[in-house]
Amino acid sequence: FMFAIAGTIMKLFSSSVRPVITKKYSDMMKAGEPIHGPLVRLTLMLTIGSVIAYAILWLFGLQVFTFVFGEKWHQAGLFLIATGFYYAVTIVHVPAAGLVAVLDLQNIVLLTEAAQFGAVVFSLMTALAGFDALSVVWTISISCALVYAGSLAFILAEIRTKSA
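Keep in mind the model is a prediction, meaning the values are calculated, not measured. (Residues numbered from 1 in each chain as written. Predicted model: local features only at pLDDT ≥ 70, side-chain atom pairs only at ≥ 80, totals over all residues. Heavy atoms only, no water.)

J.: Please give an account of the overall build of the protein that cites residues and values.
T.: Counting its regular elements, the protein contains five helices and zero strands. Going through the 164 residues of the protein one by one, you find that 40% of them count as buried. Nonlocal contacts in the protein, meaning residues at least 24 apart in sequence, comprise 79% of its contacts between residues at least 6 apart. Counting every atom, the protein has about 9600 Å² of accessible surface; 75% of that belongs to carbon and sulfur. Taking the 9 positively charged and 7 negatively charged side chains of the protein as two groups, their mean positions are separated by 7 Å. (Helix = DSSP H or I, 4+ residues; strand = E, 2+ residues; numbered from the N terminus. Buried < 20%, exposed > 50% of the residue type's maximum accessible area, 1.4 Å probe, protein only. Contact = heavy atoms within 4.5 Å. Areas by Shrake-Rupley, 256 points an atom, 1.4 Å probe, with all protein chains shown as cover. Lys, Arg positive; Asp, Glu negative; His and termini not counted. Charge placed at Lys NZ, Arg CZ, Asp CG, Glu CD.)

Right, here's the structure in full:
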């Protein structure tokens, strides 16, 4: 349930931000302006914002969630914190991911999707190994976040190479 709510918010964010950023950076590329520096600055700002937001969620989210929804929702609050890590990294990944098609970097998308699939399979194996549901969600969240962080690093490296 919490994953669906957080996923909906994330989809709304990415579907509204990605086209704007893609257009801006496409226009910059057409004008011959470098995009690596501005994209790195945007990524850094999003990273700082995501770290602050996740820190607040980590520190106060469970108490607020339990206070608002009641003690019986305590476990759902723990799942929200676990999935929040993944969404914090996803927010940072959105701008660079929007440039993949413009920069003809579909190979990075293929590698990201394959790694994402591998991360989910690994997480499901932890479930089959008898780990509790919260541990499995943490495993999915961390492994998928690492995949997105790696994808972001590849995209930024490719942009730096292409704009050099």
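J.: Kindly report on the nonpolar core, identifying the contributing residues and their values.
T.: Formed by 18 residues in total, the largest nonpolar core has its most connected members in Tyr25, Ile35, Leu39, Leu99, Ile155 and Ile159. Within the residue set of this core, elements represented by two or more residues are helix H1 (2-30), helix H2 (36-69), helix H3 (74-98) and helix H5 (133-163). Broken down by element, this core gets its largest block of residues, four residues, from H5. Listed in part, the eight residues of the second largest apolar core include Ala119, Cys144, Val147 and Tyr148. (Core = buried A, V, L, I, M, F, W, Y, C linked by side-chain atoms within 4.5 Å.)

J.: Explain the packing of aromatic side chains residue by residue, including any values.
T.: Evaluation of the coordinates by the stated rule reveals eight aromatic pairs. Residues Tyr54 and Phe85 carry aromatic rings whose centres are separated by 5.9 Å and whose planes lie at 65° to one another, so their mutual orientation is edge-to-face. Taken together, the residues Tyr54 in helix H2 and Phe85 in helix H3 connect sequence positions 31 residues apart. Look at Tyr54 and you get buried, because its relative accessible area is 14%. Relative accessible area serves as the criterion here: at 28%, Phe85 is assigned to the partly exposed category. Look at Phe65 and Trp73: their rings are 6.4 Å apart centre to centre, the planes differ by 65°, and that puts the pair in the edge-to-face class. (Phe/Tyr/Trp six-rings, centres within 6.5 Å; stacked < 30°, edge-to-face > 60°.)

J.: An account of a nonpolar patch on the surface is requested, with residue identities and associated values reported.
T.: Residues Leu44, Ile48, Ile52, Ile56, Trp58, Leu59, Phe60, Val64, Phe67, Val68 and Phe69 make up a contiguous nonpolar surface patch of roughly 1200 Å² in combined accessible area. Along the chain, Val64 falls in helix H2. (Patch = residues over 30% accessible without salt bridge, like charges linked within 9 Å, V, L, I, M, F, W, Y side chains within 5 Å. Salt bridge = Lys/Arg side-chain N within 4 Å of Asp/Glu carboxyl O.)

J.: Which residues make up the environment of Ile142, and what are the values?
T.: If you trace the backbone, Ile142 turns up in helix H5. Exposure remark for Ile142: the relative accessible area of 38% places this residue in the partly exposed category. Spatially, the C-alpha atom of Ile142 lies 7.1 Å from that of Phe85, the residues being 57 residues apart in sequence.

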